[in-house]
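Here is how the chains run, residue by residue.
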Amino acid sequence: MQIRKRLRIAIQKKGRLNSDSLALLKSIGINMQLSKSSLYCHSANTPVDCLFVRDDDIPVLVNSGVCDLGIVGENVLKEFSLAQNNKEQTNIVTERTLGFGKCRLSLAAPNDFEFKGIQSLNGMRVATSYPNTIKDFSDQYNLSLRALNISGSVEIAPSLDMSDIICDLVSTGRTLEEHNLKELQVVLNSEAVLIKSTNVLDSELQQFYQRLLDRIDGANQAKECKYVMFHAPKEALKEIAQLLPGHEEPTVIPLSHSDDKVAVHIVTKEGVFWQTLEQLKKARASSILVLPIEKMLA
Ligand code: ATP
Ligand code: ZN
């Protein structure tokens, strides 16, 4: 295969992952000029092209090397990999979990179903869009589940006596409730992941890609960190710093109007709760500000 000079990334055209995927690209410096009907988009400021497709096609495109990268739910990736493993190994590596598109693939049954543990599901008919994942789960627990593969509206299958139970994606559980179903058992927890084809990239492109990964890591790290600023008496600094487990030594700045007080800037790795602020105040910190951090590069 010809080695490309631009990274080709597959993302969902429309649906739950679309806007978060585009936001992620933007946050790592990839600007896209989007037109609603376009299936292909060329980034003007980076060597990146974007392909907008159905999420089910993303592992196929990356596995075949047509795209170098893809953003897809672990649920879709697992279903694809299981289907593929019956034939051959996949050419896909999972590079990063991305923290959005969180959901779970769960078994659910009508509200009046008496659930007596996983083993009691032996031999049942399961309506699902994930037949390979169900087979894998069934084998793991020795259940002889019978998967009925339907591509949508799985929730109505039990009421039509097409199946005894279902296996579908759940996030809040509201859709199950609306169909008088209850969740029995989680089969898989899922979130969006960045996947990459095992194909070798052009060496310059590989370097550029490594920088993108560092930016993703930096953005993820920044999400968890806070920038805290406050004034405090010099002699209270040690006690105060212990309340804020920081990255590095705090930055301490003299105050023009006070000899015994200083301004302190500190990056904390953990969430800062009201309780922490109250403890800081008790330890004689004042003018306390907590700010989010957008980007970080070590
Ligand atoms: P497409 O037209 O691309 O095939 P779709 O209908 O299969 O779209 P969406 O409903 O947009 O897909 O969901 C895309 C992905 O979002 C899912 O595969 C899953 O990883 C994730 N997701 C997060 N929460 C949910 C949820 N409550 N229900 C369904 N998917 C969810
Ligand atoms: Zn889909």
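What counts as what
Residues numbered from 1 in each chain as written. Chains lettered and ligands numbered in written order. Predicted model: local features only at pLDDT ≥ 70, side-chain atom pairs only at ≥ 80, totals over all residues. Heavy atoms only, no water. Phe/Tyr/Trp six-rings, centres within 6.5 Å; stacked < 30°, edge-to-face > 60°. Donors = N, O, S within 2.8 Å, 3.2 Å for Na, K, Ca; no water. Tetrahedral: all angles 85-135°; square planar, octahedral: opposite > 155°, others 65-115°. Buried < 20%, exposed > 50% of the residue type's maximum accessible area, 1.4 Å probe, protein only. Near = heavy atom within 4 Å. Polar contact = N/O pair within 3.5 Å; in protein donor to acceptor, adjacent residues only side chain to side chain. Nonpolar A, V, L, I, M, F, W, Y, C, P; charged D, E, K, R; others polar. Axes fitted to C-alpha atoms, helices over the stretch in contact; angles between N-to-C directions. Helix = DSSP H or I, 4+ residues; strand = E, 2+ residues; numbered from the N terminus. Parallel < 35°, antiparallel > 145°, perpendicular 65-115°, else oblique. Contact = heavy atoms within 4.5 Å. Pairing = 2+ DSSP bridges. Domains from an automatic or database assignment. Right-handed = clockwise from strand over helix to strand, strands pointing away.

So, the packing of aromatic side chains
No. 1: Counted by the stated rule, this structure contains one aromatic pair.
No. 2: Arranged with centres 4.9 Å apart and planes meeting at 50 degrees, the rings of Phe137 and Tyr141 form a pair that is tilted.

Some details on the coordination of the zinc ion (ligand 2)
No. 1: Of the protein atoms, only Asp55 (OD) and Asp56 (OD) coordinate the zinc ion (ligand 2), at distances of 2.1 Å.
No. 2: Relative to the metal, the four donor atoms surrounding the zinc ion (ligand 2) lie at angles of 77 to 174 degrees, and the coordination shape comes out irregular.
No. 3: With a relative accessible area of 39%, Asp56 lands in the partly exposed category.

Structural notes on the site of ligand 1
No. 1: Near ligand 1, the surroundings consist of 16 residues, among which Gln12, Arg16, Asp56, Asn75 and Ser171 are the closest.
No. 2: Arg16 places a polar main-chain atom, nitrogen or oxygen, 2.8 Å from an oxygen atom of ligand 1.
No. 3: One nitrogen or oxygen atom from the side chain of Asp55 is found 2.9 Å from an oxygen atom belonging to ligand 1.
No. 4: Classifying every residue of the shell around ligand 1 by side-chain character gives four nonpolar, six polar and six charged.

As for the packing of helix α3 (residues 74-85) against helix α4 (residues 131-140)
No. 1: In contact at an axis separation of 8 Å, α3 and α4 are set at 75 degrees when each is read in the N-to-C sense. As far as their axial angle goes, α4 and α3 are roughly perpendicular. The segment α3 lies against α4, with Lys78, Glu79, Leu82 and Ala83 engaging Pro131, Asn132, Thr133 and Asp136.
No. 2: For the contact of α3 with α4, the residue count by class is three nonpolar, two polar and three charged.

Comments concerning the sheet that holds strand β7 (residues 125-128)
No. 1: Within the open sheet, the five strands sit side by side as β8-β7-β9-β6-β10. Their pairing is mixed. Whereas interior strands pair on both sides, the edge strands pair on one side only; in this sheet they are β8 (146-149) and β10 (181-190). Between one strand and the next, the sheet's axes are offset by a mean angle of 30 degrees, whatever the strand orientation.
No. 2: One ladder, built from three bridges, connects β7 with strand β9 (residues 165-170); its direction is parallel. Bridge pairing in β9 links Thr128 to Cys167.
No. 3: Against the sheet, α3 makes contact with β9 and β10, and its axis sits at roughly 75 degrees relative to β10, the strand it touches most.
No. 4: Along the sheet, α4 contacts β6 (103-110), β7, β8, β9 and β10; its crossing angle with β10, the most-contacted strand, is approximately 95 degrees.

Points about the domain arrangement of the protein chain
Interfaces are often sized by the amount of accessible area the parts lose when they come together.
No. 1: Domain annotation of the protein chain identifies domain 1 (7-99 + 192-222), domain 2 (103-190) and domain 3 (225-292).
No. 2: A C-alpha centroid distance of 51 Å is found between domain 2 and domain 3.

Points about the sheet that holds strand β11 (residues 192-197)
No. 1: Spatial ordering of the open sheet is given by β2-β3-β1-β4-β11-β5, a layout of six strands whose pairing is mixed. The sheet is open, and its two borders are formed by β2 (40-42) and β5 (92-97), each paired with just one other strand. The average undirected angle you get between the axes of adjacent strands in this sheet is 25 degrees.
No. 2: Bridge count for β2 against strand β3 (residues 48-53) is three bridges, and the pairing is antiparallel. Of the residues in β3, the one forming a bridge with Cys41 is Cys50.
No. 3: In the packing of helix α1 (residues 18-27) onto the sheet, contacts are made with β1 (7-12), β3 and β4 (69-73), and the angle to β1 comes to roughly 150 degrees.
No. 4: Across the sheet, α3 touches β4, β5 and β11, and the angle it forms with β4 is around 105 degrees.

Quick notes on the pairing of β7
No. 1: Here β7 pairs with β8 via four bridges, running parallel. Bridging from a neighbouring strand, Val126 pairs with Ala147 of β8.
No. 2: The parallel pair β7 and β8, bridged by α4, forms a crossover whose chirality is right-handed.

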